[in-house]
Amino acid sequence: MSAKIHHIFETTFHDLRPRTPFPETKIEFFAFANLNNTIRMRSGKLLVRLSDLLEGAPESVLSSIAHILLAKMYRRPIASEHATRYRRYIASRAISRKAHLLRQIRGRKRLDHPQGRTYDLDAIFRDLNSRFFHGMLARPLMSWSPSAARNSLGHYDPAHNAIVISRVFDHPRVPQYAIEYIVYHEMLHLKHPVKLRGSRRCVHSTAFLEDERQFPRLEDAKKFLKEL
Ligand SMILES: [Zn+2]
């Protein structure tokens, strides 16, 4: 792989600068969050850093990125075919990686889908978000718990950015205000983060409890959950 990409850069370099010998070159892959690829010349050595999204890319795509980076460095125009090929490849890779990550997260945490038999957690989140948070909370992964465990009503997991609600409550017997209260409570944990790593402790500050009192049917909801 690295010999192949090295050769691709060398060929591209010769196309752009036919009379210049190909300098010593170091090519590395990095996990850039923002998909940056960089190229620099440092004391006669060429340093190339590529997004790891390009690892395993077909030769034509690697030729395109080599062309783009070298043309930029030597202030030459970038051929549109290369720009297009690179952009298309990266877009498709970024999408499939995101899907893959989501599958991994759901797999590891055994998360389920937000749409239950009775209630849709995404819809409840959206509704509460606009009613109580000015639509300002970014929606985390919403999931029913895999089993109908009753030891926890729900929890917010900051590591996976997920709100998990016990499947017990996905039932027509459970009134709308009760499930809304449970989700609302977890959304307050999003709004009032607790800086405790690896702990499942449920910490409710004064500000948290004050916000919780804004929930219209708080007492009814608490009563229902107690009698459940
Ligand atoms: Zn809590």
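Placed above this text is the structure.
It is worth spelling out unusual backbone geometry at this point. Even without glycine at this site, Arg75 takes up a positive phi of about 50°. A relative accessible area of 76% places Arg75 in the exposed class. The residue His134 is not glycine, and still its phi comes out positive at about 55°. The residue His134 is located in the loop between α4 (121-132) and β4 (141-144) in this model.

With that settled, consider the sheet that holds strand β5 (residues 154-157). What the three strands build is an open sheet, ordered β4-β6-β5; its pairing is mixed. Where the open sheet ends on each side, the last strands, each with one partner, are β4 and β5. Taking each pair of neighbouring strands and ignoring which way they run, the sheet shows an average axis angle of 15°. Looking at chain direction, β5 and strand β6 (residues 162-165) are connected through four bridges and run antiparallel.

All told, the structure shown has ten salt bridges when counted by the stated rule. The shortest N-O distance in the salt bridge between Glu28 and Lys26 comes to 3.6 Å. A residue is classified by how much of its surface remains accessible, and Glu28, at 25% relative accessible area, is partly exposed. For Lys26, a relative accessible area of 42% puts it in the partly exposed group. Of the charged contacts, one joins Arg131 and Glu180 as a salt bridge, the two residues approaching to 3.4 Å between their closest N and O atoms. Here Arg131 is found in helix α4, whereas its partner Glu180 is found in helix α5 (residues 176-191), with 49 residues between them in sequence. Several salt bridges share partner residues, and in doing so they unite Lys26, Glu28 and Arg49 into one network.

Rules and cut-offs
Residues numbered from 1 in each chain as written. Predicted model: local features only at pLDDT ≥ 70, side-chain atom pairs only at ≥ 80, totals over all residues. Heavy atoms only, no water. Buried < 20%, exposed > 50% of the residue type's maximum accessible area, 1.4 Å probe, protein only. Helix = DSSP H or I, 4+ residues; strand = E, 2+ residues; numbered from the N terminus. Pairing = 2+ DSSP bridges. Axes fitted to C-alpha atoms, helices over the stretch in contact; angles between N-to-C directions. Salt bridge = Lys/Arg side-chain N within 4 Å of Asp/Glu carboxyl O.

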